[in-house]
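Chain by chain, the residues run as shown.
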Amino acid sequence: MIYYPIACITFLSATLGFVFSVSTVIKRKNADRTDALYLLARSTAIALAAVVPLLRESGELLTAVTGGMLIIQLADGIIGLYSKSRMRTAGPFIMAFLHAISLWTYLSLI
């Protein structure tokens, strides 16, 4: 069944975003830290939403969370291009590609 591999990819992507947010909060000071805390709040919500399809099988929720992560990773990749960082460009675009393939596969099978 393709459901759980897709749920795992989505959860991994959201968890990486959460870990990146925690790391940013730890490293930043003053106003930059406040911005990082806002990023952490959103990343926490997304990570919690991404764990639900692993606990309770829901095709609609999996599609919504994976689609959301696709958009987030595309935006992160564009930000990586803007900042001229290969790692911050390649990583998100690879994850976006995995989300796109996952969504296409899942939706073509249902």
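Above this note sits the structure.
Residues numbered from 1 in each chain as written. Predicted model: local features only at pLDDT ≥ 70, side-chain atom pairs only at ≥ 80, totals over all residues. Heavy atoms only, no water.

Tallying secondary structure elements over the protein chain gives four helices and zero strands in all. When the helices and strands of the protein chain are placed in sequence order, the string is α-α-α-α. Judged by the C-alpha coordinates and their principal axes, the protein chain covers about 50 × 30 × 15 Å. Looking at the protein chain as a whole, 30% of its 110 residues are labelled buried. The long-range share in the protein chain, meaning contacts at least 24 apart out of those at least 6 apart in sequence, stands at 65%. Accessible surface, the protein chain: about 7,200 Å² in total, of which carbon and sulfur atoms supply 72%. Between the centroid of the 9 positive side chains of the protein chain and the centroid of its 5 negative side chains there is a distance of 12 Å. (Helix = DSSP H or I, 4+ residues; strand = E, 2+ residues; numbered from the N terminus. Buried < 20%, exposed > 50% of the residue type's maximum accessible area, 1.4 Å probe, protein only. Contact = heavy atoms within 4.5 Å. Areas by Shrake-Rupley, 256 points an atom, 1.4 Å probe, with all protein chains shown as cover. Lys, Arg positive; Asp, Glu negative; His and termini not counted. Charge placed at Lys NZ, Arg CZ, Asp CG, Glu CD.)

Relative orientation of the contacting elements helix H3 (residues 59-82) and helix H4 (residues 86-109) amounts to 155°, with a least axis distance of 8 Å. On the basis of the axis angle, H3 is roughly antiparallel to H4. In the crossing of H3 with H4, the sense of the turn from one axis to the other is left-handed. Counted by class, the contact of H3 with H4 contains 14 nonpolar, nine polar and two charged residues. (Axes fitted to C-alpha atoms, helices over the stretch in contact; angles between N-to-C directions. Parallel < 35°, antiparallel > 145°, perpendicular 65-115°, else oblique. Left-handed = near helix turned anticlockwise from the far one by under 90°. Nonpolar A, V, L, I, M, F, W, Y, C, P; charged D, E, K, R; others polar.)

All right, on to helix H2 (residues 30-55) then. If you check H2, its first and last C-alpha atoms are 38 Å apart, about what 26 residues at 1.5 Å a residue would give, namely 38 Å. Among all positions of H2, only Ala36, Leu40, Ser43, Ala47, Ala50 and Pro53 are buried. On its buried face, H2 is in contact with helix H1 (3-27) and H3. (Expected span 1.5 Å × (residues − 1).)

So, about the packing of aromatic side chains. Throughout the structure, instances matching the rule amount to two aromatic pairs. Both rings, one in Tyr3 and one in Tyr4, keep their centres 4.9 Å apart while their planes meet at 80°; by these two values the pair is edge-to-face. When its relative accessible area of 1% is taken as the criterion, Tyr3 is described as buried. (Phe/Tyr/Trp six-rings, centres within 6.5 Å; stacked < 30°, edge-to-face > 60°.)

Take the side chain of Thr66 next. With respect to the helices and strands, the residue Thr66 is situated in helix H3. On the basis of relative accessible area, Thr66 is assigned to the buried category, the value being 1%. At 2.8 Å, the side chain of Thr66 and the backbone oxygen of Leu62 are in polar contact. (Polar contact = N/O pair within 3.5 Å; in protein donor to acceptor, adjacent residues only side chain to side chain.)

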